[in-house]
Amino acid sequence: MSDMRHDVQNTFEELFGRRADGVWSAPGRVNLIGEHTDYNQGFVLPFAINRRTLVALGARTDRVARVASEFADEVVEIDLADLAPDNLHGWAAYPLGVAWALGQFGADLAAVPGFDIYIDSTVPVGAGLSSSAAIESAVAVALNEVWRLDLAPRTLATVGQRAENVAVGAPTGIMDQSASLLGRRDSGVFLDCRSLEAEIIPLGLEAAGLEILVIDTGVSHTHATGGYAERRASCEAGASALGVESLRDVTVDDLDRARNVLDDETFRRVRHVVTENQRVLDTARTLREHGPTAIGELLDASHRSMRDDFEISVPELDLAVETAQTNGAIGARMTGGGFGGAAIALVPSELSSRLRVAIDGAFSEHGYSLPDTFTVTAADGAFRELGL
Ligand code: GLA
């Protein structure tokens, strides 16, 4: 990471002809459990991972914003006066969307200075590890400091979500940005998405001799279109048919009544969210009382619920999960929004290389392209790496 911080600073200098004011970073995330519960005001338990997005930023003396990144050839330039969701397109909508959204949360966009930004990242794109939240959170902490806004990390998470929802156009919840901003080394972020109260829960993986393997299937997904928005709409329809503000207000005991009120598909969507909320609560409690070795069945049950009730898995994810489960993993599930992306497996460290071999074998047997499989550790959320 230390090399990359200087690389980002040097590239900034080559591109913009001066030193950056500083370098900030924010991590991607893995969701341990709690899928499609965030926008239902429920519970999630993600952790920030040791793959980060770095942002070098320098304030300007005029009112121009310029953004460049390792993943695009062009430098996008806009006057701060023109910052509006309709004017933002492509990858630049993430960093510039954050600048716009800060204006919605107290920044006076008519008074703040312009800026130059250069972005680089080790969070894989399209793997369901929240590369977009990592960009948003890194830019949010950088501008928060350079513009002297003094907004709390929890507010910056809402800023990132606003950028994603309005500037990018993806109707996502608050989980990814919260994990990226609030994450702690070796810990999960247990978040109540209604109150936005967060509790840091130690994961204790290393002490238990466990690791988390990410199996990135390479099947691509986008949440700006299609299935994600459809699932969200089903949840809202279910809540309204049940006469509650959100599915957070429905408990496992209410499901029998829900079955009589809802059509079969909506019922299954609702059952996923309601049981998943309970599984997040159970996982948080189990981690505190018995440690990570005891959460395997909860992870497995979460995957079954997403596969059968919420129907957001794909065959490659199911294969990754089943192969993990039958080759020594304590538990496994797809993670993130679904329709592609990655699965995670909680596995005893000494079995991890055997598991990788088994997964590659199963994928080639099925004629699927080989997944990218790697270990992640729980890392700190966004912070300044270098400078001011
Ligand atoms: C994506 C969204 C999150 C969340 C998950 C599903 O990652 O960005 O807000 O809804 O999907 O749990």
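Residues numbered from 1 in each chain as written. Predicted model: local features only at pLDDT ≥ 70, side-chain atom pairs only at ≥ 80, totals over all residues. Heavy atoms only, no water.

Side note on helix H2 (residues 93–104)
Stated formally: Every helix listed is a DSSP run of H or I at least four residues long, and every strand listed is a run of E at least two residues long, numbered separately from the N terminus. Each residue after the first adds 1.5 Å to the expected span of a helix. Exposed residues in this analysis have more than 50% of their type's maximum accessible area, buried residues have under 20%, and partly exposed residues fall in between, with area computed by a 1.4 Å probe over protein chains only. Contacts are assigned to residue pairs that have any heavy atoms within 4.5 Å of one another.
Along its 12 residues, H2 runs 16 Å from first to last C-alpha, staying within 8% of the 16 Å computed at 1.5 Å per residue. All of the buried residues in H2 are Ala93, Pro95, Leu96, Gly97, Val98, Ala99, Trp100, Ala101 and Leu102. Against strand E3 (64–69), strand E4 (76–79), strand E5 (115–121), helix H3 (131–146) and helix H4 (153–168) lie the buried residues of H2. Downstream of H2 by a residue or two, Gly106 has a phi angle that is positive, lying close to 115°.

What to know about the environment of Tyr368
Note on placement: Tyr368 falls in the loop between helix H11 (352–365) and strand E11 (372–376). On the accessibility criterion, Tyr368 (24% relative accessible area) is partly exposed. Note: C-alpha distance between Tyr368 and Glu316 (52 residues apart in sequence) is 7.5 Å. Excluding residues within four positions of it along the chain, Tyr368 makes contact with Pro315, Glu316, Leu319 and Phe363.

A few points about the site of the ligand
Heads up, the rule is: We call a residue near a molecule or strand when any one of its heavy atoms sits within 4 Å of it. Polar contact is the term for a pair of N or O atoms within 3.5 Å; when the atoms are in protein, one must be able to donate a hydrogen and the other to accept it, and sequence-neighboring residues count only if both atoms are side-chain atoms. All amino acids are sorted into three groups, where Ala, Val, Leu, Ile, Met, Phe, Trp, Tyr, Cys and Pro are nonpolar, Asp, Glu, Lys and Arg are charged, and the leftover types, Gly among them, are polar. Domain delimitation follows an automatic or database domain assignment.
Neighbouring the ligand are 14 residues, the closest being Glu35, His36, Asp38, Asp176 and Tyr228. Here an oxygen atom of the ligand sits 2.7 Å away from a polar atom, N or O, in the main chain of His36. Tyr228 has a polar side-chain atom sitting 2.5 Å from an oxygen atom of the ligand. Among the residues forming the shell around the ligand, the class breakdown is three nonpolar, seven polar and four charged. Of the domains in this structure, domain 1 (2–201) and domain 2 (204–376) are the two that each give at least three residues to the shell around the ligand.

Considerations on the environment of Gly341
Within the element layout of this structure, Gly341 appears in the loop between strand E9 (331–335) and strand E10 (342–348). Taking relative accessible area as the criterion, Gly341 reaches 1% and is therefore assigned buried. Along the primary structure Gly341 and Leu143 are separated by 198 residues, whereas in three dimensions their C-alpha atoms are 30 Å apart. Setting aside its immediate chain neighbours within four residues, Gly341 contacts Gly126, Ala127, Gly128, Ile215, Asp216, Thr217, Gly218, Val219, His221 and Leu317.

Focus on the nonpolar core
Our working definition: Residue types Ala, Val, Leu, Ile, Met, Phe, Trp, Tyr and Cys, when buried and joined through side-chain atoms within 4.5 Å, form a set referred to as a nonpolar core.
By size, the foremost hydrophobic cluster in this structure holds 49 residues, and its most contacted members are Leu57, Leu83, Leu96, Leu102, Phe115 and Trp147. Listed by contribution, the elements that provide at least two residues to this core are strand E1 (22–33), strand E2 (43–59), E3, H2, E5, H3, H4 and helix H5 (175–182). In contact with Trp147, other than residues within four places in its own chain, are Leu80, Ala99, Leu102, Ala107, Leu109, Val112, Pro113 and Phe115. One finds Tyr228, Ala320, Ala343 and Ile359 within the second-largest nonpolar core, a separate group that totals 35 residues.

Side note on the pairing of E3
Inclusion rule: One requirement defines pairing of two strands: DSSP has to find at least two bridges between them.
Across the six residues that make up E3, a large majority, five, are buried. Of the pairings in the sheet, the one linking E3 to E4 comprises four bridges and is antiparallel in character. Bridge pairing in E4 places Arg66 opposite Glu77. Counted along the chain from E3 to the antiparallel partner E4, the turn is six residues long. Of the strand pairs in this sheet, E3 and E5 are connected by five bridges, and their pairing is parallel. Considered in E5, the bridge of Ala68 is made with Tyr118.

Quick look at the domain arrangement of the chain
Operational definition: Once two parts are joined, some of their accessible surface, as seen by a 1.4 Å probe, is lost; buried area is that loss totalled over both. Salt bridge, as applied in this entry: a Lys or Arg side-chain nitrogen positioned within 4 Å of an Asp or Glu carboxyl oxygen.
According to the domain assignment, the chain consists of domain 1 (2–201) and domain 2 (204–376). When each unit is reduced to the centre of its C-alpha atoms, the spacing between domain 1 and domain 2 is 26 Å. Each partner contributes to the interface: domain 1 provides 37 residues, whereas domain 2 provides 46 residues. Contact between domain 1 and domain 2 buries roughly 3,400 Å² in total, counting both sides, with carbon and sulfur atoms accounting for 62%. Counting the surface domain 1 buries against domain 2, the share from its top three residues, Ile33, Glu35 and His36, is 19%. The interface formed by domain 1 and domain 2 holds five salt bridges in total. Note that Glu199 and Arg288 form a salt bridge whose closest N and O atoms lie 3.2 Å from each other. Linking domain 1 with domain 2 are 20 residue pairs in polar contact (both at pLDDT 80 or more), by the criterion used here. For the side of domain 1 that touches domain 2, the secondary-structure elements that each account for two or more residues are E1, E2, strand E6 (187–192) and strand E7 (198–202).

Let's talk about the pairing of strand E8 (residues 210–216)
Side-chain direction in a regular strand flips from residue to residue, so the side chains alternate between the two faces of the sheet. Judged by how many residues are buried, E8 sits mostly within the fold: seven of seven residues are covered. With seven bridges connecting them, E8 and E10 associate as antiparallel partners. Within E10, the residue paired with Glu211 across the bridge is Val347. Where E8 meets E11, five bridges bridge the pair, whose relative direction is antiparallel. Counted as the bridge partner of Ile215 is Thr373 from E11.

With respect to the packing of helix H8 (residues 264–290) against helix H9 (residues 296–310)
For clarity, the cut-off: Axes here mean lines fitted to C-alpha atoms, for a helix over just the part in contact, with angles spanning 0 to 180 degrees between N-to-C directions. Here is the rule for angles: anything less than 35 degrees is roughly parallel, anything more than 145 is roughly antiparallel, 65 through 115 is roughly perpendicular, and the remaining ranges are oblique.
For the pair H8 and H9, interaxial distance at closest approach is 10 Å and the crossing angle is 170°. With respect to their mutual orientation, H8 and H9 come out roughly antiparallel. Each of Arg268, Arg269, Arg271, His272, Val273, Thr275, Glu276, Arg279, Asp282, Thr283 and Thr286 in H8 lies in contact with H9, whose residues at this interface are Leu298, Ala301, Ser302, Ser305, Met306, Asp308, Asp309 and Phe310. Taken together, the residues of the contact of H8 with H9 sort by class into five nonpolar, six polar and eight charged.

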